Amino acid sequence: MQTLKLTRKEPLSPRITRFRFEHPEGAPLPVFSGGAHVMVEMQDGPVLRRNAYSLISDPLDCSGYEIAVQREDHGRGGSLFMHRDAQPGMLMQIGPAVNLFSLNLAARKHLLIAGGVGITPFLAQLPELARLGAAYELHYAVRARDELAALPMLPDTTRLHVSGEGSRMDLDAILSAQPLGTHLYVCGSARMIETVLDTAAALGWPGDTLHAEEFLAPAPGEPFEVACARSNRTLTVGPHQSMLEALEAAGIDAPWLCRGGACGQCETDVLSCDGTIDHHDHWLEPEERKRKIMPCVSRFRGRLLTIDR
Amino acid sequence: MSATPPPPAPIASRPRYARLQTRRCGAALMVADKSGAAALLALADDAPELMSKASVVLCDAAEHAPALQARGAARLLQTSSTAGLSPAIATLLGDARMGLQVFLAGAEGLIAQVQSQLLSAGVPLGAIQAEHRGTAARRMQCVHCKTVAEDVTVDPYICPGCGRSLYVRDHFSRRVGAFQGVCIDAETPGEVPESVEIRI
Amino acid sequence: MIMQFNKETFRGDYSYCNSPAAIRRFPFPFDRDEYMYSVNMEPHKGGPDGSVFQARFDVDEHYVAEMEDRAITLMRDPGRCQSLPHMTLAGWDLLELIMTSKAEDYPEHFELHRDGDRWRWINRPLGIDETFTFLDESTLPYGPMEYITRQTQGDFAVLDQREGNLWMDAGMVTSQADWSLDFDIGMNFFEWHAPVPRAAEMGIFQRALKFLLNVRQDTPARRLNWTMTVNPRLDTSPETYPEWGPEKRSLTPENLGQKQYLRVELQSFWRLPRSNGLAFPIRCYLISLQDLVTVPKWGRRFHRVLRDLPEDLATYKGFLVNRPMIVDYLSRFDDGAPTSPGIYPD
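Under an unreviewed UniProt entry, the name given to chain C is DUF3445 domain-containing protein, and the organism recorded is Paracoccus broussonetiae.

Under the annotation held in an unreviewed UniProt entry, chain B carries the name Dimethylamine monooxygenase subunit DmmA family protein and is attributed to Paracoccus broussonetiae.

A.B. asks: Just checking my understanding: could you explain the interface of chain C and chain B for this structure?
C.D. replies: One frequently used descriptor of interface size is the decrease in accessible area upon assembly of the parts. Taken together, the contact pairs 27 residues of chain C with 23 residues of chain B. Elements with a contribution of two residues or more to the side of chain C that touches chain B: α6 (189-192), α7 (204-213) and α8 (241-248) of chain C. Across the side of chain C that touches chain B, the residue classes tally to 14 nonpolar, seven polar and six charged.

A.B. asks: Is there a simple way to explain helix α1 (residues 37-46) of chain B in this structure?
C.D. replies: One turn of an α-helix holds 3.6 residues; hence residues three or four places apart share an orientation. Residue and element names in this part refer to chain B. Buried residues of α1: A37, A39, L40, L43 and A44, and no others. One face of α1 carries all of its buried residues, which in axial projection span an arc of 160°. Counted as exposed and oriented over 90 degrees from the buried face of α1: D45 and D46. In the core, the buried residues of α1 are packed alongside β1 (27-33), α2 (48-51), β2 (54-59), α3 (65-70), β4 (100-106) and β5 (128-132).

A.B. asks: How should I be thinking about the sheet that holds strand β8 (residues 135-142) of chain A in this particular structure?
C.D. replies: What holds strands together in a sheet is hydrogen bonding between their backbones, with the strands either parallel or antiparallel. All names here are of chain A. Pairing is parallel across the open sheet formed by five strands, whose spatial order is β9-β8-β7-β10-β11. Among the strands making up the open sheet, the edge pair consists of β9 (159-162) and β11 (210-213). Pairs of neighbouring strands in the sheet enclose a mean axial angle of 15°, with direction left out of account. The sheet contact formed by strand β7 (residues 109-115) and β8 spans seven bridges and is parallel. Looking across to β8, one finds that A114 is bridged to Y140.

A.B. asks: In this structure, what is going on with the interface of chain A and chain C? I would like to understand it.
C.D. replies: Every contact between the two is made by 17 residues of chain A and, on the other side, 13 residues of chain C. Residue composition of the side of chain A that touches chain C, by class: 10 nonpolar, six polar and one charged.

A.B. asks: Even after reading the chapter, I still don't get the domain arrangement of chain B, so can you show me in this structure?
C.D. replies: Residues and elements named next belong to chain B. Once the domains are mapped, chain B shows domain 1 (27-132) and domain 2 (138-197). Centre-to-centre separation of domain 1 and domain 2, based on C-alpha positions: 28 Å. Listed as interface residues are seven residues of domain 1 and, on the opposing side, nine residues of domain 2. Per-class residue counts for the side of domain 1 that touches domain 2 are two nonpolar, four polar and one charged.

A.B. asks: Any chance you could explain the UniProt feature "domain: Dimethylamine monooxygenase subunit DmmA-like C-terminal" (unreviewed entry) in chain B here in plain terms?
C.D. replies: Mapped onto this structure's residue numbering, the UniProt feature "domain: Dimethylamine monooxygenase subunit DmmA-like C-terminal" (unreviewed entry) falls at residues 139-182 of chain B. From the first C-alpha to the last, residues 139-182 of chain B spans 14 Å; its make-up is 0% helix and 61% strand.

A.B. asks: I would appreciate a short explanation of the sheet that holds strand β6 (residues 138-142) of chain B in the present structure.
C.D. replies: Residue and element names in this part refer to chain B. If you walk across this open sheet you meet the five strands as β7-β6-β11-β10-β9, and the pairing is mixed. Bordering the open sheet on either side are β7 (148-152) and β9 (157-158), each of which pairs with just one other strand. This element, helix α5 (residues 108-120), spans β6, β7 and β11 (178-183) of the sheet and lies at about 60° to β6.

A.B. asks: Explain the UniProt feature "domain: Dimethylamine monooxygenase subunit DmmA-like N-terminal" (unreviewed entry) in chain B to me, please; I cannot follow it from the model alone.
C.D. replies: Per the UniProt record, "domain: Dimethylamine monooxygenase subunit DmmA-like N-terminal" (unreviewed entry) is found at residues 11-124 of chain B. Note that residues 11-124 of chain B is 37% helix and 22% strand, and that its end C-alpha atoms are spaced 22 Å apart.

A.B. asks: Help me out: how do you make sense of unusual backbone geometry in this one?
C.D. replies: Excluding glycine, a negative phi dihedral is what most residues carry, and trans is how most peptide bonds are arranged. Cis geometry is found at the peptide bond from D155 of chain B to P156 of chain B, where omega equals 0°. The phi dihedral of N232 of chain A is positive, around 60°, even though this residue is not glycine. Mapped onto the secondary structure, N232 of chain A falls in the loop between β12 (224-228) and β13 (233-237). Positioned with a positive phi, E163 of chain C is a non-glycine residue whose angle comes to about 55°.

A.B. asks: Is there a simple way to explain the environment of A136 of chain B in this structure?
C.D. replies: All names here are of chain B. Mapped onto the secondary structure, A136 falls in the loop between β5 and β6. Separated by 47 residues in sequence, A136 and C183 place their C-alpha atoms 21 Å apart. Beyond its immediate sequence surroundings of up to four residues, A136 is in contact with I198, R199 and I200.

A.B. asks: What is the right way to look at the packing of helix α11 (residues 296-308) of chain C against helix α13 (residues 323-331) of chain C in this model?
C.D. replies: If you want to describe how two helices pack, look at the angle between their axes and the distance between the axes. Residue and element names in this part refer to chain C. One can describe the packing of α11 onto α13 by two numbers: an axis separation of 9 Å at closest approach and a directional angle of 150°. One finds that α11 runs roughly antiparallel with respect to α13. With respect to the hand of their crossing, α11 and α13 are arranged in left-handed fashion. Contact with α11, carried on its side by G299, F302, H303, L306 and R307, involves R323, I326, V327, L330 and S331 of α13 and no other residues of that element. Classifying every residue of the contact of α11 with α13 by side-chain character gives five nonpolar, three polar and two charged.

Calculation criteria
Residues numbered from 1 in each chain as written. Chains lettered and ligands numbered in written order. Predicted model: local features only at pLDDT ≥ 70, side-chain atom pairs only at ≥ 80, totals over all residues. Contact = placed C-beta atoms within 7 Å. Helix = DSSP H or I, 4+ residues; strand = E, 2+ residues; numbered from the N terminus. Nonpolar A, V, L, I, M, F, W, Y, C, P; charged D, E, K, R; others polar. Buried ≥ 20, exposed ≤ 12 C-beta atoms within 10 Å, placed from the backbone. Arc of directions from axis to C-beta. Pairing = 2+ DSSP bridges. Axes fitted to C-alpha atoms, helices over the stretch in contact; angles between N-to-C directions. Domains from an automatic or database assignment. UniProt positions renumbered as here; feature names shortened; annotations may be inferred. Parallel < 35°, antiparallel > 145°, perpendicular 65-115°, else oblique. Left-handed = near helix turned anticlockwise from the far one by under 90°.

In structure tokens:
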């Protein structure tokens, strides 16, 4: 984590606001690769939140990091904090850039499909694609044209699909017209991702050419008890709190990285399970699911879960 | 992204073959030699609708052409040897698009050679299936002089490039499209064990 | 501290020699009296003063001679350095990493001056003073990876990270333990490790891959690996096996102390920021058994490790045929006394 200063906050559209962070002493920030995200820590009263946001700024521009946050009125509160409480001048804790959605550099062409705020990782990839001289095609689906209002220069070649105006992406046509060696990248709602990936599979695209980024916000659920054997404590995980957040609130050490079930860092051994684990991650092998859990996104229903923490 | 699961034994770089299975696709490319043609016919019987989207290349397997025509192959090309395969496949790849699924059947050498060409043309590895039929003969590359030898059936074998006696490894390169051959008597020049037949 | 660089050879007359200081700082890899594979990663964040772990890219008395040997190997076989077309950006990442690290860790030998993307690199031991434009290949005599690795000790595998796997898509490999870059280039993590016995069933590679996929720019890691080689030869590639293979059989009880070498690899793992690739340096250290046993703890321990090593590992590590002779030699330096834990001399 490093301390950065929030230097600019400006709306890009009715629901999306752009935030710029710079080093408090003006030192250059580390370069990164397009598609990377950073953790932003938010002290919201007594609650410490950490959300992942894609970096939208040029990866080679060390003068600052920029993110774009969509306000979710019914979310866990992170985006509301950013919109209401984060102000220029504030110092905030920002994690290192981590990329789980990078361009496949060996691809002959990149087909980028974005929905709503899912455009964010692609914004950082556009200057990268330009520098590589790589062939690409960007399709951007929004509900209303005003969602585009002040978005950073999208290239003229962007194919816009405004559903409120009756224009929908013709996925079959788009996916049937790509040359060999094209890779597909999709970022948007869970439903959009599912539709795009299903269509691609049905048309014969193999899995190794399909890439999706969806930040899994930890799903809410019923509260449950978890016994931490090594720390000799039993915790209650609240309905809107992840197990990882509960461990942290209790001061129990648990490694983490992406906090979205994708990177494996928080992998924890299950010592006993009197109930059912609801695995929501993309990390564990099927045979590991009996004896491990990813506390950043997964939950438990039953009498008692005992973990090795 | 989650890590890929490790493959089962034998060694991870040994190619894995499996019975050809139908897949949803925009178009299909099928290549087979004499031994592999039967695999294409079996596939056609399993999934007749696949053939109407299929371009088929037969290598030295003219006797199987009528049966594949009868199953409704959209296009059928023939070559008399593996040497003629590359231009035929290049032609077919010319207007190919993503959504192409590839089905290879026959000797390892044919599969290795065609796969290597497909990969350098941008066909994703996940779109290629291969079923091994026929001989255990291998396409080999001598690690010392880089000469590729087709149809190697014995271990050790003599490199046609540098004349060394090479033992046959299971280590395989998709890029080269061959297994690796290494000098067997480097430490004890002249002491070469008797060759045995390579088995599948 | 200005280092003295040896004039020595790694082929032909094999005039290679370790000074007493080099012997003391040698990265003896065994922390206990037996050996089995493990994912023995630790953070690469410095080490004891003067140790091989202290600097990010260790430079020692063998630097100049190793680079000369590399140049000879490359002239004979250019295929030892290859970079698939999409890996050039990773090459620039690596060039920046090595130049900035060495200029900071060894300011008496290396300097880096940057004015925007106009860079000036001074390498005093090799007599290089180069001005070039970062990210512009046309301003360097070689591609960026080749340029900087011709000036850096150790082999380099530069890996592309995609599809939940690591792919060996570029490398400079002139001091390898018997594997071919030309053959392996393009393979993924499991494939290029395929010839290693046992480790796959132990799940070693699965766990190692998960760890490596998550290495970040601020969390480089390192580990030690080892093999055995006869004569202080760096080029022990499969390509040149007919040259060095016969030397393996030239060992006698009389010459063994002098000709049998322990070869240790200090491997490190670095996230490359612009390409999101992973750099994997494999830095090779050689010590003759007669020098090794001058450290009593190492003499005792190494005897026990080699005596008890399973046969398939001894084969893979390249010394099965000479094992009885080697173990016999080392037994003279093992009085059965207990050894302290850890790798450092007492």
